[in-house]
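Spelled out, the chains give:
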Amino acid sequence: MRLDKSKEIFDKTKRYIPGGVNSPVRAFKNLSITPPVISKGKGSHIFDIDGNEYIDFVLSWGAMILGHCDPDVVNSIKEVVEDQIAFGAPTEIEYKMAKLVCETAQIDMVRFVNSGTEATMTAIRLAKGYTGKKKIVKFAGCYHGHHDIFLKEAGSAVAELRLKGIDEDIVKNTIVAEYNNLDSVEKAFKENKDEIAAVIIEPVAGNMGVVPAKKEFLQALREICNLYGSVLIFDEVITGFRLSLKGARALYNVEPDLITFGKIIGGGLPCGAVGGKKEIMQFLTPQGNVFQAGTMSGNPIVMNAGYATIKKLKENPHFYSNMEMLAGKLEKELTQVFSNSNLTFCINRVGSMLTIFFGVEKVENFEMAKMSDLDLFRSFTEYMIKKHSYVPSSQFEAMFLSVAHSENDVEKFVEIAEEFCSSKRK
Ligand SMILES: Cc1ncc(COP(=O)(O)O)c(C=O)c1O
Ligand SMILES: N[C@H](C=O)CCC(=O)O
């Protein structure tokens, strides 16, 4: 695979943008190939400026659930862009979008922001304002965005870095517990009795690779938050509208107090949201006194793209069963391929998100994810990308399928994985 033009542009970009990227996961830091510079996306495929075509299993880190440049999303943008770019004033689409999101995700109220990070920051401030408490519990390996309070033992790009610039005075109020380990949560509550404003968790983690929470664990979090008067926040920035219209919480039948959204909710445009119970949401300014604001929040183009995306998902419930079927096929066939090669591995999959871990048989938390064979994962990833399957370059991320992926896409991926295994045997 030639990446000459990509390399040239990427190298030139580094002169102006630190590391050449606007988010670290894009830099292929672990790989020896240059990141392809992408020029086009259509359905399940993306194309780079060197003329290479890839089946995309990253999908803008989960955002592009309908595939790239879905015609309904594209039209929703074209329909308004001549008249509405930004006003910083109320628009009708905000009402329509809020109604659609509340009815679809079954929440009382919602506030739109510009990213997942803004959504989680807002949810935490809201929880603090509502409870009058100042500490939070988060879980090792979960990633909730790039604010200081969330970066302690975080997953995603943070997992492989030693961070600087974090304000220790702010971080001291973040308590880190172990994913799927109730004892660690009980300990946090016992030691910090009436001080915990919120517990924030990815109900299916995507940022230590895919690691699902156990149902009893989430139920116990609900009970412990009720007992101590803390707010339970499900960070569904990845899982919201991906695992079902009601997100991951529908799979577990556990109701959080607040939910954060991102990615899919904006149809691929910058968007995030915090939503949940009216009793808490009404604390937000200007109805209440918990401050939150944003010049671009609820931008009409973003709202239109998000509306078109969620409406299409709602009108086509078979999308979810199709993605489940395809992802199940991918899991089953990869299991066959790796077993035939006598590899030790584990594939964690929930709906249309999955991660392959080599060298381990089970991954239930961040420690276990970190014990997987990162070198083998790296060479597998590099091989897959060189053979035109675009996958996350880090172990601590998830692979995604979209509505636009086909059986052919999945079969191609499995075929290349098989080739990789034979190349290792030689
Ligand atoms: C679960 C989760 N929460 C929050 C975020 C932060 O979202 P954003 O990158 O849009 O700020 C991300 C991803 O980046 C995420 O995966
Ligand atoms: N893991 C992150 C989101 O889910 C990756 C996206 C990013 O930080 O750019």
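The protein chain goes by Glutamate-1-semialdehyde 2,1-aminomutase in an unreviewed UniProt entry, where it is assigned to Anaerocellum danielii. UniProt annotates the protein chain under Sequence similarities (unreviewed entry) with the comment "Belongs to the class-III pyridoxal-phosphate-dependent aminotransferase family. HemL subfamily." Its UniProt record gives the protein chain the following Subunit (unreviewed entry) comment, quoted word for word: "Homodimer."

Participant: Any details on the overall build of the protein chain? Residues and values, ideally.
Facilitator: Within the protein chain one finds 14 helices and 16 strands. For 426 residues, the compact-globule estimate of 2.2 N^0.38 gives 22 Å, and the C-alpha radius of gyration of the protein chain, at 21 Å, lies within 12% of that figure. For the protein chain, the C-alpha atoms occupy an extent of roughly 65 × 55 × 45 Å along the three principal directions. Buried residues in the protein chain amount to 56% of all 426 residues. Partitioning the intrachain contacts of the protein chain with sequence separation of at least 6 by distance along the chain shows that 71% fall at a separation of at least 24. For the protein chain, the computed accessible surface area is about 18,600 Å², with 50% contributed by carbon and sulfur atoms. Here the protein chain carries 51 positive and 54 negative side-chain charges, and the mean point of each set is 2 Å from the other.

Participant: Go over the domain arrangement of the protein chain with me, naming the residues and quoting the values.
Facilitator: Examined at the domain level, the protein chain breaks down into domain 1 (4-69 + 317-425) and domain 2 (71-315). Taken over C-alpha atoms, the centre of domain 1 sits 25 Å from the centre of domain 2. Counting from both sides, the interface comprises 37 residues of domain 1 and, opposite them, 43 residues of domain 2. Counting each side, the surface lost to burial between domain 1 and domain 2 is near 3,000 Å², with a carbon and sulfur contribution of 66%. The largest per-residue losses of area from domain 1 upon contact with domain 2 belong to Y320, M353 and F366, which jointly make up 22% of the total buried on that side. Our count for the domain 1 to domain 2 interface comes out at 1 salt bridge. With a closest N to O distance of 3.2 Å, E364 and K214 form a salt bridge. On the surface where domain 1 and domain 2 come into contact, there are 13 residue pairs in polar contact (both at pLDDT 80 or more). Those elements giving two or more residues to the side of domain 1 that touches domain 2 turn out to be α11 (318-340), β13 (345-350), β14 (353-358) and α12 (366-370).

Participant: Go over the state of the cysteines with me, naming the residues and quoting the values.
Facilitator: Taken as a whole, this structure holds 0 disulfides when the rule is applied. Between C102, a free cysteine, and C271, which holds the nearest cysteine sulfur, the sulfur-to-sulfur gap is 13 Å.

Participant: Pulling in residues and values, what's your account of the pattern of salt bridges?
Facilitator: It is possible for side chains bearing opposite charge to pair when their charged atoms get close. Counted under the stated rule, the structure contains 26 salt bridges. Of the charged contacts in the structure, one is a salt bridge between K7 and D11, with a shortest N-O distance of 2.6 Å. Taken as a pair, K7 and D11 lie in helix α1 (residues 4-14) at a separation of 4 residues, close to a single helical turn. A relative accessible area of 44% means that K7 is categorised as partly exposed. Owing to a relative accessible area of 34%, D11 belongs among the partly exposed residues under this scheme. The network of salt bridges with common partners includes K329, E333, E407 and E411.

Participant: Run through the site of ligand 1, naming residues and quoting values.
Facilitator: Residues in contact with ligand 1, as listed here, are S115, G116, T117, Y143, H144, G145, E202, N207, D235, V237, I238 and K263. The side chain of T117 places a nitrogen or oxygen atom 2.5 Å from an oxygen atom of ligand 1. Contact distances for ligand 1 include 2.9 Å between an oxygen atom and a side-chain N or O atom of N207. Coverage of ligand 1 by the protein chains reaches 82% of its 380 Å² of free accessible surface.

Participant: An account of the site of ligand 2 is needed here, citing residue identities and associated values.
Facilitator: Around ligand 2, the surrounding shell consists of S23, V25, W61, S156, N207, I238, K263 and E397. One of the side-chain N or O atoms of S23 is found 2.5 Å from an oxygen atom in ligand 2. S156 places a polar side-chain atom, nitrogen or oxygen, 2.8 Å from a nitrogen atom of ligand 2. Here the shell around ligand 2 is composed, by residue class, of 3 nonpolar, 3 polar and 2 charged. When residues are assigned to domains, the shell around ligand 2 turns out to be shared by domain 1 (4-69 + 317-425) and domain 2 (71-315), each giving three or more.

Participant: Hey, could you go over the packing of helix α3 (residues 92-105) against helix α10 (residues 300-315) for me, with residue numbers and the actual values?
Facilitator: Two elements in contact, α3 and α10, have axes separated by 9 Å at closest approach and are oriented at 35°. Between α3 and α10 lies a crossing of left-handed hand. Residues I93, E94, K96, M97, L100, V101, E103 and T104 of α3 form the contact with α10, whose own contacting residues are P300, M303, N304, G306, Y307, I310, K311 and K314.

Conventions adopted
- Residues numbered from 1 in each chain as written.
- Chains lettered and ligands numbered in written order.
- Predicted model: local features only at pLDDT ≥ 70, side-chain atom pairs only at ≥ 80, totals over all residues.
- Heavy atoms only, no water.
- UniProt positions renumbered as here; feature names shortened; annotations may be inferred.
- Helix = DSSP H or I, 4+ residues; strand = E, 2+ residues; numbered from the N terminus.
- Rg over C-alpha atoms; globule rule 2.2 N^0.38 Å.
- Buried < 20%, exposed > 50% of the residue type's maximum accessible area, 1.4 Å probe, protein only.
- Contact = heavy atoms within 4.5 Å.
- Areas by Shrake-Rupley, 256 points an atom, 1.4 Å probe, with all protein chains shown as cover.
- Lys, Arg positive; Asp, Glu negative; His and termini not counted.
- Charge placed at Lys NZ, Arg CZ, Asp CG, Glu CD.
- Domains from an automatic or database assignment.
- Buried area = accessible area lost by both parts, 1.4 Å probe.
- Salt bridge = Lys/Arg side-chain N within 4 Å of Asp/Glu carboxyl O.
- Polar contact = N/O pair within 3.5 Å; in protein donor to acceptor, adjacent residues only side chain to side chain.
- Disulfide = S-S within 2.5 Å.
- Near = heavy atom within 4 Å.
- Nonpolar A, V, L, I, M, F, W, Y, C, P; charged D, E, K, R; others polar.
- Axes fitted to C-alpha atoms, helices over the stretch in contact; angles between N-to-C directions.
- Left-handed = near helix turned anticlockwise from the far one by under 90°.

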